[in-house]
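# Geometric and topological summary
Letter by letter, the chains look like this.
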Amino acid sequence: MHNRFPRFVFRRRWAVSLGLAGVTGLLSSTALAQSPPPDESAQGESLSSDVQPAKPGAYLSDWYNQDLMLIGSKDISFGPRPADDVYLEYEYFGRKGPFELYGYIDLPKILDIGNSHDKGIWDHGSPLFMEHEPRISIDYLAGRSLAIGPFKEWYVAFDWIYDHGSRTANRANTLYSGLGTDIDTHSRVSLSANFYGRYQWENYGASNEYSWDGYRAQLKYIVPIDTFSNGASLTYIGFTNFDFGSDLHKDNPARTANATVATNVLLYSFTHLRFTLVGRYFHNGGNWEDGSVLNFGDGEFRARSNGWGYYAGVGYQF
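Remember, it's a predicted structure, so these values are computed and weren't measured experimentally.

## Things to note about the overall build of the chain
Helix and strand counts for the chain come out as 2 helices and 17 strands. Counting only residues that meet the buried cut, the chain has 56% of its 318 residues in that class. At a minimum sequence separation of 6, the contacts of the chain that also span at least 24 residues come to 66%.

## Brief notes about the environment of Ser233
Examined against the element boundaries, Ser233 turns out to sit in strand β12 (residues 233-244). Between the C-alpha atoms of Ser233 and Arg274, which are 41 residues apart in sequence, the distance is 9.6 Å.

## Some thoughts on the nonpolar core
In terms of nonpolar packing, the biggest core is built from 13 residues, with Ile71, Ile76, Phe78, Ile237, Phe282 and Tyr311 touching the most fellow members. Elements with a minimum of two residues in this core: β3 (65-76), β13 (259-269) and β14 (273-283). Formed by 8 residues, the second largest nonpolar core is a distinct cluster that contains Tyr104, Ile161, Tyr176 and Tyr196.

## Quick notes on the pattern of salt bridges
Inspection of every chain in the model, using the stated rule, returns 11 salt bridges. Put simply, Asp84 and Lys74 hold a salt bridge, and the shortest N to O gap is 3.3 Å. You can see Asp84 sitting in strand β4 (residues 83-96) and its partner Lys74 sitting in strand β3, a full 10 residues away along the chain. Here Glu100 ties to Arg135 by a salt bridge, and the two come within 2.7 Å at their closest N and O atoms. In this pair, Glu100 sits in strand β5 (residues 99-107) while Arg135 sits in strand β7 (residues 135-137), placing the two residues 35 residues apart along the sequence. Comparing Glu100 with Arg135, the two get one shared label, buried.

## Focus on the packing of aromatic side chains
By the definition in use, this model includes 18 aromatic pairs. With 5.4 Å between their ring centres and 15° between their planes, Phe242 and Phe244 make a pair best called stacked. The partly exposed category is assigned to Phe242, whose relative accessible area is 35%. Phe244 gets classed as partly exposed once you look at its relative accessible area, which sits at 25%. Each residue in the set Trp63, Tyr64, Tyr90 and Tyr92 is aromatic and connected to the rest through ring pairs, giving one cluster. Over the ring of Tyr176 we find Arg216; its NZ or CZ atom is 4.5 Å from the centre of that ring.

## Here we look at a nonpolar patch on the surface
A cluster of nonpolar side chains, Leu70, Leu88, Leu111, Ile113, Leu273, Phe275, Val314 and Tyr316, forms an exposed patch at the surface whose accessible area comes to about 660 Å². Of all elements in the fold, only β14 and β17 (307-317) reach the threshold of two or more residues within the nonpolar patch. As for its position among the elements, Ile113 is in the loop between β5 and β6 (129-132). Judged by its relative accessible area of 45%, Ile113 falls in the partly exposed class.

## Section: the side chain of Asn173
With respect to the helices and strands, the residue Asn173 is situated in strand β9 (residues 172-183). Within the structure, Asn173 has its side chain in polar contact with the side chain of Trp160 (distance 2.7 Å). If we skip the residues at most four places from it in the chain, Asn173 touches Trp160, Ile161, Tyr162, Tyr199, Gln200, Trp201 and Glu202.

## Describing the pairing of β13
Across the two faces of β13 the burial differs, with Ala259, Val261, Thr263, Val265, Leu267 and Ser269 buried and Thr260, Ala262, Asn264, Leu266 and Tyr268 not buried at all. Looking at chain direction, β12 and β13 are connected through 11 bridges and run antiparallel. Looking at β13, one finds that Thr240 is bridged to Ala262. Where β13 meets β14, 10 bridges bridge the pair, whose relative direction is antiparallel. Following the sheet pairing, Val265 is matched in β14 by Val278.

## Topic: the confidence of the model for the chain
The predicted model of the chain averages 84 in pLDDT, with 82% of residues at 70 or higher. Contacts from residues 47-51, a stretch scored under 50 in pLDDT, to residues over four places away or in other chains number 38 contacts.

## Quick word on unusual backbone geometry
Negative phi is the rule for most residues except glycine; trans is the rule for most peptide bonds. Even without glycine at this site, His186 takes up a positive phi of about 55°. With respect to the secondary-structure elements, His186 resides in the loop between β9 and β10 (190-203).

Rules used in this analysis
- Residues numbered from 1 in each chain as written.
- Predicted model: local features only at pLDDT ≥ 70, side-chain atom pairs only at ≥ 80, totals over all residues.
- Heavy atoms only, no water.
- Helix = DSSP H or I, 4+ residues; strand = E, 2+ residues; numbered from the N terminus.
- Buried < 20%, exposed > 50% of the residue type's maximum accessible area, 1.4 Å probe, protein only.
- Contact = heavy atoms within 4.5 Å.
- Core = buried A, V, L, I, M, F, W, Y, C linked by side-chain atoms within 4.5 Å.
- Salt bridge = Lys/Arg side-chain N within 4 Å of Asp/Glu carboxyl O.
- Phe/Tyr/Trp six-rings, centres within 6.5 Å; stacked < 30°, edge-to-face > 60°.
- Lys NZ or Arg CZ within 6 Å of the ring centre and 35° of its normal.
- Patch = residues over 30% accessible without salt bridge, like charges linked within 9 Å, V, L, I, M, F, W, Y side chains within 5 Å.
- Areas by Shrake-Rupley, 256 points an atom, 1.4 Å probe, with all protein chains shown as cover.
- Polar contact = N/O pair within 3.5 Å; in protein donor to acceptor, adjacent residues only side chain to side chain.
- Pairing = 2+ DSSP bridges.
- pLDDT = per-residue confidence, 0-100.

Right, dumping it as structure tokens:
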């Protein structure tokens, strides 16, 4: 979801990440006749999380976990105009051999609820947004531990983000690829990191389409808080994405070279039922310069790409 829930999936043995990246379209701060960015319905980074091993008989698979969630979002700044939305999400995660899997598929504005510039499945916006974040264990393939100090396992890491859009100008297709690792904190805190290079295919008409453009440093962390007599658990999950080195700003003063998104999640979960509250801070969200004067043909406005956005969700894991 790039307007979406920060979905983040963890098990005690590994962390499978959220997606992901904020993607938005092209604009000049002074131009009056440019196409708007995506319908601003892109999702971005998931936030669900599983911090307990699967219970025998509780799920359809002992390693491949799935859930369905209904998520409401407010003031999500992956574009220059914060978007509100209510959407449905299917999420999967698990590990099998060398493969650590995580991904989700969103149906934007599934209940036709959201602000006017947020477009989705029913109003000529994006009918589908998805993100897939597989990692492949180098240690497993090598048949030996490659641990170095606190870096206990190494991965080839990918993050593919796709927003189908209703037309080419509202479509994005991004691949991050690089190296990942799990970090031993000698505590209850689980920590993992990825470092990616970004290849950009379609990007809502932006100037960096069909090129290598920039990098992402990603840090993910999880802290079990408590368990309760009713069988529920409370967990804090956090992750920060720092994007840098983009050339978008060279052609457009409303765009930036760097962008940061920091996500903070509280997950209250039973065996199947789960409730999530999220606060996410954006700085130059989607590589947009906060305060830039823009006009997409419906009057001038100032970009709001800095500040807090919020999510709340309820889901069922199976």
